[in-house]
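Below are the chains, spelled out letter by letter.
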Amino acid sequence: MMSRALPVFVLSAMALVAAACLPFLHVAPNRLLSGHAVSPLAWPLAAAWLAVIAVTAVRIPMQRVVVTATAWFGIAGLPWLAGAEAQRILSDASATTRVQPGAGFWLMWLAAALLLLDGLRGRRPAVQVAAWIVAGFTIVVLAAAGAFDGLSLVREWRAQRAPFAAAVAEHLRLAGTTLVLALLTGAPLGWWVWRRRRADGVVVGILAFLQTVPSLALFALLIGPFAWLARAWPALGTLGFGGTGAAPAVFALWLYALLPVVRYTAAGLDAVPADTRDAARGLGMSRTQLLMRVQLPLGWPVLLAGLRIVAVQTIGLAAVAALIGAGGLGRFVFLGIGQGATDMVLLGTLAIIVLALLVDFVFQAVLAWTERRA
Amino acid sequence: MIEFDHVTKRFGGHLVIDDLSLRIDDGEFFVLVGPSGSGKSTLLRTVNRLVPVDAGAVRIDGEDVLSRDVETLRRGIGYAIQSVGLFPHRTVGENIATVPRLLGWPEGDIRARVTELVELLRLDEPGIADRYPATLSGGQQQRVGVARALAARPRIVLMDEPFGALDPITRESLQGSLKAIQRDTGTTILFVTHDMDEAFRLGDRVALMLDGRIAQVGAPLDLLHRPANDRVRDFVGGTRARLRELAVRTVRDSMRVGEPAEGEAVDVADSLQDALAAMLAQRRDRLPVNSRGERVGAIVLADLVANGP
């Protein structure tokens, strides 16, 4: 029982400290200056949460239900509170005034998300998915209704709609191309490595070494060779090849993606017991038939789990690719840092996180679907 | 007819099969028996080319297996192994249908054959063909493995310790099923086991393999009565050889026709081992013998002790 109650206790403490000691909102005179903290709701929120924990502590199962429900409300409720409060502050302030969520808001929001995650643990997958979809949908509806219009993040987005949409598209294109390339090359390589155990050490060793090269360094290292390639074969240049841009970015991301794809392909092939393979061959299946009828159906969930990791990793790494001119949401982050515009940094970062979560969610759903069928 | 002609096989310098020659006739239930590492499984696997030979040749009906397309060759030979190796993502029916499907049989024929095999192997639990292997008992899984090996009506079936992992009762029941099916269909079976009792129970002929060579080949009673050397004598049973012999011979061989006896009767087709067990159970030294339910004679303990070489 204690082990189940512990996360609730720790996360609640985190939310309480955040509410009580850290600013809920920041008010700044314009988008570049840092502002002063306001926490109009801190103490009432802290007190209300303390009351929820205390009242329900008598019965842990009931506490779990109540805490999970409040956390679920918090997912959409906290942004709504922040938006409403921002609107109130802006109603008698200058036009350039910006109100943005502070550390207190973010921590409470994180605590709510983690509490919900914990509370949903052990529920049926359908219930879990539904809870998150409804929470996410509520936020979208609130956003569409203008509930967050007062927050500077939304104002930043309104000001940069077109470049933002383009950056999302670029980001998805970078990650998508990488993923397809990694699957097309990594899966056969994984199969080859799996067939020749002796090659395993060499190939995996090289790929594992590549993983240790910092992404920034790898992007920088590729500028030289790719610039040379584009000069040596001008035809490549017309295809968008060059020292900077999408080509070296995708190449670097592909190098990082290879190791997990190779590893998980080999693990997927290993998911078929040796005896089953022996029986399949002995009964007269060709190598292709063995692969398509036995190894792929049985190893697919493992490979899919690997692709999920690669997808999330690639979306995160693609942010750095902006530094060599590949575009994507990383551009918002680095431009924002350069200008000292926190909202722009945040806009890029949040979008990357949401993209990663969405992709992760899609993969999980597909995985759950395949496993239910199996 | 399967023919091994001076077959040699090494694994990394270690000699596993040593210049071995052997002929297995059509319709024979042939058992290769021997201790672990004697090369019996390797020899079996040279027939469907899961193991390539280093020297010599394996021929089926006079044709070198190497001259045939490997997949066509294997689809024409049944194959069952100890660990069964069923496809966990396929139903029982789909598992059984593996080879007919590879051979492109019409769907209706496949369905009929699956139904037939399910009955033949007494897998007649309702709906069993639509269940997945993981929901079956070990014995049922092995029955499915045998059904899968027999599905395309192969003339030759290779079986590598198919009943090794089963409990004694399930094993005996499956041995009975297999022997009956083999007798009815005339299939040639090459069967590998390390269990001497299983070898004598099933085999028309038995070959004892030691260190990659055939130590002796012959009918079970040949090996028991005329072991080629002391090592063969040790393997076929030493002091337990007579007990094994009782398992191979039937009551018909030793009964006294027309003599009376008290107690519960045994059948003429029962093994002498069964008759001995019945005597011990009933605490009698002679029992009546029935044939088709009618009293035909008696079986006497003294005859079991005295008979034989």
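Note that the coordinates shown come from a computational prediction; the quantities given were computed from them, not determined experimentally.

Cut-off values and rules
- Residues numbered from 1 in each chain as written.
- Chains lettered and ligands numbered in written order.
- Predicted model: local features only at pLDDT ≥ 70, side-chain atom pairs only at ≥ 80, totals over all residues.
- Heavy atoms only, no water.
- Helix = DSSP H or I, 4+ residues; strand = E, 2+ residues; numbered from the N terminus.
- Buried < 20%, exposed > 50% of the residue type's maximum accessible area, 1.4 Å probe, protein only.
- Contact = heavy atoms within 4.5 Å.
- Lys, Arg positive; Asp, Glu negative; His and termini not counted.
- Charge placed at Lys NZ, Arg CZ, Asp CG, Glu CD.
- Rg over C-alpha atoms; globule rule 2.2 N^0.38 Å.
- Areas by Shrake-Rupley, 256 points an atom, 1.4 Å probe, with all protein chains shown as cover.
- Domains from an automatic or database assignment.
- Pairing = 2+ DSSP bridges.
- Expected span 1.5 Å × (residues − 1).
- Bend = angle between axes of the 7 residues up to and from the residue.
- Buried area = accessible area lost by both parts, 1.4 Å probe.
- Salt bridge = Lys/Arg side-chain N within 4 Å of Asp/Glu carboxyl O.
- Polar contact = N/O pair within 3.5 Å; in protein donor to acceptor, adjacent residues only side chain to side chain.
- Nonpolar A, V, L, I, M, F, W, Y, C, P; charged D, E, K, R; others polar.
- Phe/Tyr/Trp six-rings, centres within 6.5 Å; stacked < 30°, edge-to-face > 60°.
- Lys NZ or Arg CZ within 6 Å of the ring centre and 35° of its normal.
- Axes fitted to C-alpha atoms, helices over the stretch in contact; angles between N-to-C directions.
- Parallel < 35°, antiparallel > 145°, perpendicular 65-115°, else oblique.
- Left-handed = near helix turned anticlockwise from the far one by under 90°.
- pLDDT = per-residue confidence, 0-100.

Undergrad: I tried to follow the overall build of chain A on my own but got confused; where do I start?
TA: Check the secondary structure of chain A and you find 15 helices and 3 strands. Summarising its shape, the C-alpha atoms of chain A cover approximately 75 × 60 × 35 Å along the three principal directions. Relative to its 374 residues, chain A shows a buried fraction of 45%. Across chain A, every contact between residues at least 6 apart in sequence was considered, and the portion connecting residues at least 24 apart equals 75%. Chain A carries 27 positive and 13 negative side-chain charges, and their two centres are separated by 6 Å.

Undergrad: It is not clear to me how the overall build of chain B should be interpreted in this structure. Could you clarify?
TA: In terms of helices and strands, chain B carries 14 helices and 14 strands. Whereas a compact globule of 309 residues would reach a radius of gyration of roughly 19 Å, chain B reaches 21 Å, a difference of no more than 12%. Along the three orthogonal principal directions, the C-alpha set of chain B runs to about 60 × 50 × 30 Å. Burial statistics for chain B: of 309 residues in total, 50% are counted as buried. By sequence separation, contacts in chain B at least 24 residues apart represent 63% of the contacts at least 6 residues apart. Total accessible area on chain B is roughly 14100 Å²; 48% of this is exposed by carbon and sulfur atoms.

Undergrad: Hey, could you run me through the domain arrangement of chain B in this one?
TA: By the assigned domains, chain B splits into domain 1 (2-240) and domain 2 (249-307). Measuring from the centre of the C-alpha atoms in domain 1 of chain B to the corresponding centre in domain 2 of chain B gives 34 Å.

Undergrad: Would you explain the pairing of strand S3 (residues 98-101) of chain A in this entry?
TA: Side-chain direction in a regular strand flips from residue to residue, so the side chains alternate between the two faces of the sheet. Residues and elements named next belong to chain A. Here S3 shows no split at all, with Arg-98 and Gln-100 on one side and Val-99 and Pro-101 on the other all buried. The sheet contact formed by strand S1 (residues 25-28) and S3 spans 4 bridges and is antiparallel. The partner of Ala-28 across the bridge, within S3, is Arg-98.

Undergrad: Whenever I open this one, helix H3 (residues 60-90) of chain A confuses me. Can you help?
TA: Turn by turn, an α-helix covers 3.6 residues, leaving residues three or four places apart pointing in a common direction. The end-to-end C-alpha distance of H3(A) is 42 Å, a good match for the 45 Å that 31 residues give at a rise of 1.5 Å each. In H3(A), a bend of some 40° at A:Ile75 exceeds every other bend along the element, and A:Pro79, a proline, comes one to four places later.

Undergrad: Looking at this structure, I do not really get the interface of chain B and chain A. What am I missing?
TA: Much of the literature gives interface size as the accessible area that the parts lose upon coming together. Each partner contributes to the interface: chain B provides 20 residues, whereas chain A provides 16 residues. Note on chain B versus chain A: buried area summed over both sides is about 1700 Å², and carbon and sulfur give 61% of it. It is B:Phe87, B:His89 and B:Leu102 that lose the most area in chain B upon contact with chain A, and together they represent 29% of the buried surface on that side. Taken together, chain B and chain A are joined by 2 salt bridges. A salt bridge links A:Arg281 to B:Glu71; the shortest N-O distance between them is 3.7 Å. The tally of links from chain B across to chain A stands at 8 residue pairs in polar contact (both at pLDDT 80 or more). Counting only elements with at least two residues in the side of chain B that touches chain A, the list comes to helix H2 (70-75), strand S6 (77-81) and helix H4 (98-102) of chain B. When the residues that make up the side of chain B that touches chain A are grouped by side-chain class, the tally is 9 nonpolar, 5 polar and 6 charged.

Undergrad: In this structure, what is going on with the packing of aromatic side chains? I would like to understand it.
TA: The geometry of an aromatic ring pair is captured by two quantities: the separation of the ring centres and the angle between the planes. Applying the stated rule across the entire model yields 9 aromatic pairs over all chains. When the ring of A:Phe24 is compared with that of A:Phe105, the centres are 5.8 Å apart and the planes differ by 80°; the resulting orientation is edge-to-face. Of this pair, A:Phe24 sits in the loop between helix H1 (2-21) and S1 while A:Phe105 sits in helix H4 (residues 103-120); the two residues are 81 residues apart in sequence, bridging distant segments of the chain. For A:Phe105, a relative accessible area of 4% translates into the label buried. Ring centres of A:Phe164 and A:Phe332 lie 5.7 Å apart, and the angle between their planes is 90°; on these two criteria the pair is classed as edge-to-face. Of this pair, A:Phe164 sits in helix H7 (residues 161-195) while A:Phe332 sits in helix H14 (residues 330-339); the two residues are 168 residues apart in sequence, bridging distant segments of the chain. In this arrangement the basic side chain of B:Arg148 is found over the ring face of B:Phe87, its NZ or CZ atom lying 4.9 Å from the centre.

Undergrad: Would you explain the sheet that holds S1(A) in this entry?
TA: The strands that make up a sheet are held in pairs by hydrogen bonds between backbone atoms, and each pair lies either parallel or antiparallel. Residues and elements named next belong to chain A. The antiparallel open sheet is built from 3 strands, whose spatial order is S2-S1-S3. A strand with exactly one partner marks an edge of an open sheet, and here the two such strands are strand S2 (36-38) and S3. Averaged over all pairs of adjacent strands, the angle between their axes in this sheet comes to 30°, without regard to strand direction. In the packing of H3 onto the sheet, the strands contacted are S1, S2 and S3, and the crossing angle to S1 comes to about 25°.

Undergrad: Please clarify how the packing of helix H11 (residues 246-270) of chain A against helix H13 (residues 287-317) of chain A should be interpreted in this entry.
TA: What describes two packed helices is the angle between their axes and the distance between those same axes. Residue and element names in this part refer to chain A. In the contact formed by H11 and H13, the axes pass within 8 Å of each other and the chain directions differ by 150°. One element, H11, and the other, H13, form an angle in the roughly antiparallel class. When the axes of H11 and H13 are compared, the crossing they make is right-handed. Along the contact surface, H11 presents Leu-253, Tyr-256, Ala-257, Pro-260, Val-261, Tyr-264, Thr-265, Ala-267, Gly-268 and Leu-269, while H13 presents Leu-291, Gln-295, Gly-299, Val-302, Leu-303, Gly-306, Leu-307, Ile-309, Val-310, Gln-313, Thr-314 and Leu-317. Each residue belonging to the contact of H11 with H13 can be placed in one class, and the counts come to 15 nonpolar, 7 polar and no charged.

Undergrad: Help me out: how do you make sense of the packing of H7(A) against H13(A) in this one?
TA: Residues and elements named next belong to chain A. Between H7 and H13, whose axes approach to 10 Å, the crossing angle comes to 140°. In terms of their interaxial angle, H7 and H13 are classed as oblique. Every pair of crossing elements has a handedness; the one defined by H7 and H13 is right-handed. On H13, the residues that touch His-171, Ala-175, Thr-178, Leu-179, Leu-183, Trp-191, Trp-194 and Arg-195 of H7 are Arg-287, Leu-291, Gln-295, Leu-303, Leu-307, Val-310, Ala-311, Thr-314 and Ile-315. A breakdown of the residues in the contact of H7 with H13 according to their chemical character gives 11 nonpolar, 4 polar and 2 charged.

Undergrad: Sorry if this is basic, but what is going on with the confidence of the model for chain A here?
TA: Fine structural detail should not be taken from predicted coordinates in areas where pLDDT scores are low. For chain A, the mean per-residue pLDDT works out to 84, and 95% of the residues sit at or above 70. Mean pLDDT values over the elements of chain A span from 70, in helix H10 (residues 234-238) of chain A, up to 92, in helix H12 (residues 274-282) of chain A.

Undergrad: It is not clear to me how the sheet that holds strand S9 (residues 205-210) of chain B should be interpreted in this structure. Could you clarify?
TA: Residue and element names in this part refer to chain B. Pairing is mixed in the open sheet, where 6 strands are placed in the order S6-S7-S8-S3-S9-S10. Whereas interior strands pair on both sides, the edge strands pair on one side only; in this sheet they are S6 and strand S10 (213-218). Strand-to-strand twist across the sheet, computed as the mean angle between neighbouring axes with direction ignored, equals 15°. When strand S3 (residues 29-33) meets S9, the two strands line up parallel, connected through 4 bridges. Each residue of the ladder has a partner; that of Val-33, found in S9, is Leu-208.

Undergrad: In this structure, what is going on with the pairing of strand S2 (residues 14-24) of chain B? I would like to understand it.
TA: Direction of pairing for strand S1 (residues 2-11) of chain B relative to S2(B): antiparallel, over a ladder of 7 bridges. Pairing of B:Glu3 across the sheet is with B:Arg23, part of S2(B).

Undergrad: Is there a simple way to think about unusual backbone geometry in this case?
TA: Excluding glycine, a negative phi dihedral is what most residues carry, and trans is how most peptide bonds are arranged. Residue and element names in this part refer to chain B. For Arg-49, which is not glycine, the phi dihedral falls at a positive 60°. Classification of Arg-49 as partly exposed rests on a relative accessible area of 24%. With a phi angle near 50°, Arg-292 is a residue other than glycine that sits in the positive phi range. By secondary structure assignment, the location of Arg-292 is in the loop between strand S13 (286-291) and strand S14 (294-300).

Undergrad: When you look at the environment of B:Arg249 in this model, what are you seeing that I'm missing?
TA: Residue and element names in this part refer to chain B. Relative to the helices and strands, Arg-249 is located in the loop between helix H11 (241-248) and helix H12 (251-254). Among the residues examined, Arg-249 registers a relative accessible area of 15% and is labelled buried. For the pair Arg-249 and Asp-270, spaced 21 residues apart in sequence, the C-alpha separation works out to 8.6 Å.

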